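Chain by chain, the residues:
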Amino acid sequence: MPSSPNQDIFHSLGIHRVIEPVGALPQPAWKLDNTPVASSTETLIDVQKLHIDSASFTQIATACERDSERMSRHIMEIVASRGKMHNPVTGSGGVLMGTVEQLDKEFGKSHSLAIGDTIVSLTSLSWLPLHLARIHRIHLERCEVEVEGKAIFFRSNPLAKLPNDLPQNLVVAALDVAGAPARVATLAIPGQRVTVLGAGGTAGLLTLCALRQRLGSAGEIIAVEYSEKALQDVASLGVANVLVQADATRPLDLIAQVSNACSPADYQADLTINVVNVPHTEFATILLTRTDGRILFFSMATSFTAAALGAEGMARQVEMHIGNGYMPDHGAIALQLLRDYPALRTIFAKRFG
Ligand code: NAP
């Protein structure tokens, strides 16, 4: 009997791999079937690296006191119990790099893929069935885990082929946060003032470059960063107008620092982008934004409740966007920024090369 259109859609999303709760989609599901054998509508990837989302990696590193052995055990336990690398504390995933081992013909056609191609997922690890045989090494400084494993892609899952002109590690790091620069480019308007919280991080640096391209020379960019080292990278990038070293979890101090750096009467932004990797930064984000401005909460550590109730309590009508990880061409946009900004490439090479 032919399958119904709905069944085909559900299958392309991967619901046949959901173990519990029954009827859930793969991302919110607690557990997936991670059997490393592909059916005709699935693609099997031989996985070499996981680039774990910064909020998740930071949480695991902290819980394991940055001990690589304990972190490896912790990651193996998460994958064994959930069938995917989906951190139950942060709810976030990351991306993987691997080579195509078995290919669903239709998927191959839509992504121009062949067996043996090296790919990076543009789908969160929290959606993809993953089977890990072992962890070889953890790179604490760049959220990277070298593994031996297999992952399953469904027809709905976006991915990117690794380009030849950029180093692998830089590509994987940029693609993990590619949704941020692509989304920012659609939210900002030339000439506006935009503030970026967490500006010295991976998403932050890409976002600064995307903003400069979009805003033009008349637009003003205020970069807020916690660490002095990362702030030096922001300075060397040379695209932000105002640099502030401050803690976004301390809204009152932060407002004083930003208003001192700008003008006490005029420091609020038309658009604020939150790309920090720690919780409790919603209030600072709202207070740094004009009451009729816009906010993009890209950080996975954002609390919807704190943001919504915070804006209400402050009587701010500010428009708040959730940072969607997907945008058409977001992978290509992020990689083009690496090509367009040699200084960005230099910083990425220093961090991830
Ligand atoms: P990252 O490289 O770790 O960058 C985060 C930056 O925020 C770092 O420079 C960090 O400084 C800074 N920071 C930390 N605490 C701060 C504070 N209290 N005040 C001000 N700045 C602070 O992370 P990333 O890879 O760019 O990711 C950024 C966020 O995007 C994470 O929350 C990640 O989970 C999220 N994300 C979202 C999506 C999505 O689809 N929405 C996809 C991928 C990632 P230090 O160097 O001192 O720590």
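Placed above this text is the structure.
Sequence order as written defines the numbering, with residues in each chain counted from 1. Local features in this predicted model are restricted to residues of pLDDT 70 or higher, and side-chain atom pairs are both shown and tallied only at a pLDDT of 80 or more, whereas totals for entire chains, interfaces and linings draw on every residue. Side-chain calculation: all heavy atoms of the structure are included, whereas hydrogens and water are not.

As for the sheet that holds strand S12 (residues 269-274)
- Pairs of strands are assigned from DSSP output, requiring at least two bridges between the strands. The secondary structure listing takes helices from DSSP runs of H or I that are at least 4 residues long and strands from runs of E that are at least 2 residues long, numbered from the N terminus. With parallel pairing, six strands are arranged side by side in an open sheet as S11-S10-S9-S12-S13-S14. One side of each edge strand has no neighbouring strand; the edge strands of this open sheet are strand S11 (242-245) and strand S14 (319-322). Between one strand axis and the next, the sheet turns by 15° as a mean value, whatever way the strands run.
- One ladder, built from four bridges, connects strand S9 (residues 193-197) with S12; its direction is parallel. Bridge pairing links Val196 to Ile273 in S12.
- Along the sheet, helix H6 (residues 179-187) contacts S12, strand S13 (289-297) and S14; its crossing angle with S13, the most-contacted strand, is approximately 155°.
- The contact criterion used throughout is that any non-hydrogen atoms of two residues lie within 4.5 Å. Between N-to-C directions, angles span 0 to 180 degrees; the directions come from axes that are lines fitted to C-alpha atoms, helices contributing only their stretch in contact. Here helix H9 (residues 251-261) sits on the sheet and contacts S9, strand S10 (220-225) and S11; the angle it forms with S11, its principal contact strand, is near 150°.

Some words on the packing of H6 against helix H12 (residues 330-340)
- At a closest axis distance of 8 Å, the pairing of H6 and H12 adopts a crossing angle of 95°. By the angle class used here, H6 and H12 are roughly perpendicular. Touching Gly179, Pro181 and Ala182 of H6 are His330, Ile333, Ala334 and Leu337, all from H12.
- In the scheme used here, Gly and all other residues not listed as nonpolar or charged are polar, with Ala, Val, Leu, Ile, Met, Phe, Trp, Tyr, Cys and Pro taken as nonpolar and Asp, Glu, Lys and Arg as charged. Residues that form the contact of H6 with H12 fall into these classes: five nonpolar, two polar and no charged. Between 65 and 115 degrees an angle is taken as roughly perpendicular, under 35 as roughly parallel, over 145 as roughly antiparallel, and anywhere else as oblique.

Considering the pairing of S14
- Pairing analysis gives four bridges linking S13 to S14, with the strands arranged parallel. Across the sheet, the residue bridging to Phe297 is Ile322, located in S14.
- Note on the crossover from S13 through helix H11 (residues 304-313) to S14: the handedness is right-handed. When the strands point away from the viewer and the connection leading from the first strand across the helix to the second strand turns clockwise, the crossover is called right-handed.

Focus on the pairing of strand S7 (residues 144-153)
- Extensive coverage of S7 is indicated by the burial of seven of its 10 residues.
- Pairing between strand S3 (residues 43-52) and S7: eight bridges, direction antiparallel. Within the sheet, the bridge partner assigned to Leu44 lies in S7 and is Ile152.
- Where strand S6 (residues 130-139) lies against S7, eight bridges are found, and the strand directions are antiparallel. Within S7, the position partnered with Arg134 by the bridge is Glu148. Relative accessibility decides the category of a residue: with a 1.4 Å probe and only protein chains considered, values under 20% of the type maximum give buried, values over 50% give exposed, and everything between is partly exposed.

Some thoughts on the packing of H6 against helix H7 (residues 202-215)
- Relative to each other, H6 and H7 sit at 25°, their axes nearing to 8 Å. Classified by the angle between their axes, H6 and H7 sit roughly parallel to one another. Considering how the two elements wind past one another, H6 and H7 form a crossing that is right-handed. Every residue of H7 that contacts H6 at Ala180, Pro181, Val184 and Ala185 is listed here: Ala203, Leu206, Thr207, Ala210, Leu211 and Arg214.
- When its residues are assigned to classes, the contact of H6 with H7 shows eight nonpolar, one polar and one charged. Here a crossing is taken to be left-handed if its near helix is turned anticlockwise relative to the far helix by less than a right angle, and right-handed if that turn runs clockwise.

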